[in-house]
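Below are the chains, spelled out letter by letter.
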Amino acid sequence: MANPIDTVPFRSLVIQASAVLLTQGVEVEATAVQGVAAHPGETLARQSGMDPEALHAVWPDV
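Let me begin by describing the structure that accompanies this report. Worth saying up front: this structure is predicted, and the values here are computed from it rather than measured.

Let's talk about the overall build of the chain
Phase 1 of the analysis: Along the backbone of the chain there are three helices and zero strands.
Phase 2 of the analysis: The buried share among the 62 residues of the chain stands at 16%.
Phase 3 of the analysis: Sequence separation of 24 or more characterises 50% of the internal contacts of the chain that already satisfy a separation of 6 or more.
Phase 4 of the analysis: Only carbon and sulfur atoms are counted for the fraction: they give 62% of the accessible area of the chain, which is about 4500 Å².

Dropping the structure here:
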């Protein structure tokens, strides 16, 4: 199973978020944006007792 962070939708989200931040004069490393974007899904998985990687099997675009 592929890591959700390596999917096209996730990469697109990171690129879009980085672009929006840049228009506001905030330059952020892509890895920082990835971490922030991945955190809610990982937290939700942990709180519900799931393996964060399992979210990808249930919801491929996560």
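Remarks on helix α1 (residues 8-23)
What sets the pattern is the α-helix's 3.6 residues per turn: residues three or four places apart point alike.
Phase 1 of the analysis: Taking 1.5 Å as the rise per residue, α1 with 16 residues should run 22 Å; its terminal C-alpha atoms sit 23 Å apart, in good agreement.
Phase 2 of the analysis: After α1 finishes, the residue G25 shows a positive phi value of roughly 85 degrees.

Focus: helix α2 (residues 30-47)
Phase 1 of the analysis: Across its 18 residues, α2 extends 26 Å between first and last C-alpha, which sits within 8% of the 26 Å expected from 1.5 Å per residue.
Phase 2 of the analysis: Its maximal kink placed at H39, α2 deviates by approximately 35 degrees, while the proline P40 follows within four residues.
Phase 3 of the analysis: V33, A38, G41 and A45 are the residues of α2 that are buried.
Phase 4 of the analysis: Note on α2: the residue one or two positions beyond its end, G49, has a positive phi of about 80 degrees.

Quick notes on a nonpolar patch on the surface
Phase 1 of the analysis: Where nonpolar side chains cluster on the molecular surface, the patch consists of L21, V26 and V28 and spans about 190 Å² of accessible area.
Phase 2 of the analysis: Looking at the secondary structure, you find V28 in the loop between α1 and α2.

What about the packing of α1 against α2?
Phase 1 of the analysis: Packing of α1 against α2 brings their axes to within 9 Å, and their N-to-C directions diverge by 115 degrees. Judged by the twist between their axes, the crossing of α1 over α2 is right-handed. Within the contact between the two elements, α1 uses F10, L13, V14, A17, S18 and L21 and α2 uses A30, V33, Q34, A37 and A38.
Phase 2 of the analysis: Class assignment for the residues of the contact of α1 with α2 results in nine nonpolar, two polar and no charged.

What counts as what
Residues numbered from 1 in each chain as written. Predicted model: local features only at pLDDT ≥ 70, side-chain atom pairs only at ≥ 80, totals over all residues. Heavy atoms only, no water. Helix = DSSP H or I, 4+ residues; strand = E, 2+ residues; numbered from the N terminus. Buried < 20%, exposed > 50% of the residue type's maximum accessible area, 1.4 Å probe, protein only. Contact = heavy atoms within 4.5 Å. Areas by Shrake-Rupley, 256 points an atom, 1.4 Å probe, with all protein chains shown as cover. Expected span 1.5 Å × (residues − 1). Bend = angle between axes of the 7 residues up to and from the residue. Patch = residues over 30% accessible without salt bridge, like charges linked within 9 Å, V, L, I, M, F, W, Y side chains within 5 Å. Salt bridge = Lys/Arg side-chain N within 4 Å of Asp/Glu carboxyl O. Axes fitted to C-alpha atoms, helices over the stretch in contact; angles between N-to-C directions. Left-handed = near helix turned anticlockwise from the far one by under 90°. Nonpolar A, V, L, I, M, F, W, Y, C, P; charged D, E, K, R; others polar.

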